[in-house]
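Structural features, examined
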Amino acid sequence: MHFADGTVPEDYLTYIRHKHLWILGGLCALFVLFILSISVGAVGIPAYDVFLTLVNGLIDRIDGVLHLGIPHVSDTVSHKWDAIVWNIRLPQALAAVVAGVGLSVAGVAMQSILRNPLGSPFTLGISNAGAFGAAVSVILLGTGTMQSTIAGAVTINNPYVTTLLAFFFCLLATAVILLISKVRGASPEVMVLAGVALSSLFTAGTMFLQYFADDSQLAAVVFWTFGDVGRATWETVGLMAVIVAAATLFFAVNRWNYNAIDAGDETAKGLGVNVESVRNIGMVVAALVSAVIVSFLGVIGFVGLVCPHMVRRIIGDDQRFLIPGSCVMGAVLLLAADTVARLIVAPYVLPVAVLTAFMGAPVFIYLLLRGYRS
Amino acid sequence: MILEVDDVAFTYRSAPVIREVTFALRPHETLAILGPNGVGKTTLLKCMNAILKPRCGSILVEGTDMLRADRMEIARKVGYVSQKCEAGRLTAFDAILLGRRPHIGWNVSEKDLKIVEAAIRRLRLEDLSLRYIDEMSGGELQKVNIARALVQEPRLLLLDEPTSSLDLRNQLDILGIVRQVVADHDVSAVMTMHDLNLALRYADRFIFLRDGIIHAAGGIEVVTPETIEAVYGVPVTVERYNGFSLVIPLAGHEA
């Protein structure tokens, strides 16, 4: 078959450029928000100083490795902000960006893989499994205690054990679903229903443990489930960033496969997609990303479910744009939520999970009511 | 030969659905697979591009064994238009571009865009190319689905009841397009169909399935009242009118 006589239609290229512009606009918004997020807090730092502190700090760190003697961009800003910016606020802002990207991109993939608009990184019971792991750690292994700090009423005195156990149970939930889909075929229905069953099972397990817990353990478990990007350290941000970047790349490579699956399983097979393996591997990657984020930061709902839908309403279902668009949207929403969370009841700091839904739901309802952009 | 099907059998949970199916198709031929509901027409169609794996037999498309080839290799030779196709928030152009997937590397090339544009012109979809497919009518969507299969640049087109939910105008449009494509390009088409009159009008080879085996196969000469009554259990007459063959059921079939 030969269609050699075609021309590249100009109006289509314009249409594609518009989508790129949306994503670029989102990136600019993210940059502004990022600086803003670092500048506000208990101590206010002027936005321009934040920018200079970041650039100078970056130059110092690069120069520390390469020894090129690169000068600072401006010496008008002193080193007085270095500690706050580099040690406290930057890791937190980066954690919000990384977690936002990870949850959102995993949500896009799950919605496609499960052929279900309610698909999210947590559809497979990941968050409940993580919470159960934390409950096991705090209540059975006694790793939680009460401590009064300004950041939160409770801290967990052995976060590594808690994180590892949460991660272990997240992966266990994923393995069980993989096993079920191996026996019953990797159909979206089987996966969703297995996820619902596992969610209930782990919730029941957590409730059972909580029933026998004392006050301080109970508080620690509940505290753990409030997702909070303030828990991130440079090490955890680094680890999350590597995994989220790898997963995002993986999903981007598979964008045509997900587009094909969106058109129906049989059509996808006719287009050369190994639907079952794309589905299984995609699920494992999405679960891994969510498990890492949940284990380090706690449960942050809503971002993975709703950010992809916000982007769908703005730039459509084409995965070529949906995936990068959702990454930007997830980062913007979580960073915005975290910034507000640090301001709204200052000097107290709310966990970001409380605010993601508060801020995201009204926007989402507005987009639902408005319908698609024509 | 473009398609050679030899002694194919398909079993669903140990119950045989089709068996001993053997036929071949030359370039520029359009085959209609006919038979009552549940006889295995769609099953046979899906075996041809290995969406379903036959229990035995062989299926060759231009000499390539469909049961050994990987999915991508199959997709470059066989285009498939499913009976049920989901319509997401995608423009017609992007939905058709998806048909280039078996050929696309990391990114879409200019050649891909040109092929899609040519297919859009071929199916007279120019005015719809930037419309979203979730806002399209059944007929428009079916044209998009066929265009998607065409830009795969296949040698064999498989269409599962391509006109089942379309109005008269669109039925004629769609089948006219298929016939034209088969006439102009080096391809063959296989369609499962319910409407005998449309089949007679647009296909030149016919297979009647009955109880999972081929009851009759061949050119227009096999479409006889006897065959149709044996396959569907309905007495009919086949008449000529203005150069068309027409199947007319004789009385309502009061069973």
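Residues numbered from 1 in each chain as written. Chains lettered and ligands numbered in written order. Predicted model: local features only at pLDDT ≥ 70, side-chain atom pairs only at ≥ 80, totals over all residues. Heavy atoms only, no water.

This part is about the confidence of the model for chain A. Averaged over all residues, the pLDDT of chain A is 86; the fraction at 70 or higher stands at 93%. Every residue in residues 148-153 of chain A is under pLDDT 50, and counting partners more than four places away or in other chains gives seven contacts. (pLDDT = per-residue confidence, 0-100. Contact = heavy atoms within 4.5 Å.)

Turning our attention to a nonpolar patch on the surface. Together, Leu58(A), Ile62(A), Val65(A), Leu66(A), Leu68(A) and Ile70(A) give the surface a local cluster of nonpolar side chains, amounting to about 580 Å² of exposed area. By the element assignment, Leu58(A) lies in helix α2 (residues 47-66). (Patch = residues over 30% accessible without salt bridge, like charges linked within 9 Å, V, L, I, M, F, W, Y side chains within 5 Å. Areas by Shrake-Rupley, 256 points an atom, 1.4 Å probe, with all protein chains shown as cover. Salt bridge = Lys/Arg side-chain N within 4 Å of Asp/Glu carboxyl O. Helix = DSSP H or I, 4+ residues; strand = E, 2+ residues; numbered from the N terminus.)

A few words now on the pattern of salt bridges. Overall, the coordinates contain 27 salt bridges over all chains when judged by the stated rule. Asp338(A) is paired through a salt bridge with Arg342(A); the nearest N and O atoms lie 3.6 Å apart. On the criterion of helical spacing, the pair formed by Asp338(A) and Arg342(A) is a turn pair, its members being four residues apart in helix α13 (residues 319-343). The pair Asp338(A) / Arg342(A) is uniform in exposure class, with both members buried. With its nearest N and O atoms 3.2 Å apart, the salt bridge here joins Arg169(B) to Asp173(B). One end of the pair, Arg169(B), and the other, Asp173(B), are both in helix α6 (residues 168-184), four residues apart, so they sit about a helical turn from each other. (Buried < 20%, exposed > 50% of the residue type's maximum accessible area, 1.4 Å probe, protein only.)

A few words on the pairing of strand β12 (residues 244-249) of chain B. Residues and elements named next belong to chain B. Where strand β11 (residues 236-241) and β12 come together, six bridges link them in antiparallel fashion. Bridge pairing in β12 places Val238 opposite Val247. Linkage of β11 to β12, two consecutive antiparallel strands, is achieved through a turn of two residues, within which Asn242 is found at a positive phi near 50°. (Pairing = 2+ DSSP bridges.)

Once that is clear, we can look at the interface of chain B and chain A. How big an interface is tends to be stated in terms of accessible area lost as the parts join. Contacts between the two partners involve 47 residues from chain B and, on the opposite side, 38 residues from chain A. Buried area between chain B and chain A, both sides added, is near 3800 Å², and the carbon and sulfur share of it is 61%. For the chain B face of the interface with chain A, the top three residues by lost area are Arg71(B), Arg89(B) and Arg101(B), together amounting to 18%. Where chain B packs against chain A, one counts three salt bridges. In this structure, Asp94(B) engages Arg320(A) in a salt bridge whose closest nitrogen and oxygen atoms are separated by 2.8 Å. Across the contact surface, chain B and chain A share 16 residue pairs in polar contact (both at pLDDT 80 or more). Looking at the side of chain B that touches chain A, the element that brings in the most residues is helix α4 (residues 110-122) of chain B, giving nine residues. Looking at the side of chain B that touches chain A residue by residue, the class counts come to 24 nonpolar, eight polar and 15 charged. (Buried area = accessible area lost by both parts, 1.4 Å probe. Polar contact = N/O pair within 3.5 Å; in protein donor to acceptor, adjacent residues only side chain to side chain. Nonpolar A, V, L, I, M, F, W, Y, C, P; charged D, E, K, R; others polar.)

This part takes up the packing of helix α9 (residues 255-262) of chain A against helix α11 (residues 275-297) of chain A. Helix-helix packing: each pair is described by the crossing angle between the helix axes and the interaxial distance. Residue and element names in this part refer to chain A. In contact at an axis separation of 11 Å, α9 and α11 are set at 115° when each is read in the N-to-C sense. In the crossing of α9 with α11, the sense of the turn from one axis to the other is left-handed. Along its contact with α9, which presents Asn257, Tyr258 and Ile261, the element α11 presents Val275, Val278, Arg279 and Gly282. Across the contact of α9 with α11, the residue classes break down as four nonpolar, two polar and one charged. (Axes fitted to C-alpha atoms, helices over the stretch in contact; angles between N-to-C directions. Left-handed = near helix turned anticlockwise from the far one by under 90°.)

Moving on: the pairing of strand β9 (residues 205-210) of chain B. All names here are of chain B. Sheet topology note: the strand β3 (residues 30-34)/β9 ladder contains four bridges and is parallel. Pairing of Leu31 across the sheet is with Arg205, part of β9. Note that β9 and strand β10 (residues 213-218) share five bridges and pair antiparallel. When the sheet's bridge partners are listed, Arg210 is paired in β10 with Ile213. Connecting β9 to the next strand, β10, in antiparallel fashion are two residues, including Asp211 with a positive phi near 50°.

Leu54(A), Phe251(A), Leu297(A), Phe206(B) and Phe208(B) are the most contacted members of the largest nonpolar core, which totals 170 residues. Of the residues forming this core, the biggest block, 17 residues, is contributed by helix α3 (residues 82-113) of chain A. Sequence-distant contacts of Phe208(B), defined by excluding residues within four places in its chain, comprise Leu34(B), Leu196(B), Ile213(B), Ile214(B), His215(B), Ala216(B), Val222(B), Val223(B), Thr227(B), Ile228(B), Val231(B) and Tyr232(B). Counting residues in each nonpolar core, the second largest holds 30 residues, with Val8(B), Val21(B), Leu25(B) and Leu158(B) among its members. (Core = buried A, V, L, I, M, F, W, Y, C linked by side-chain atoms within 4.5 Å.)

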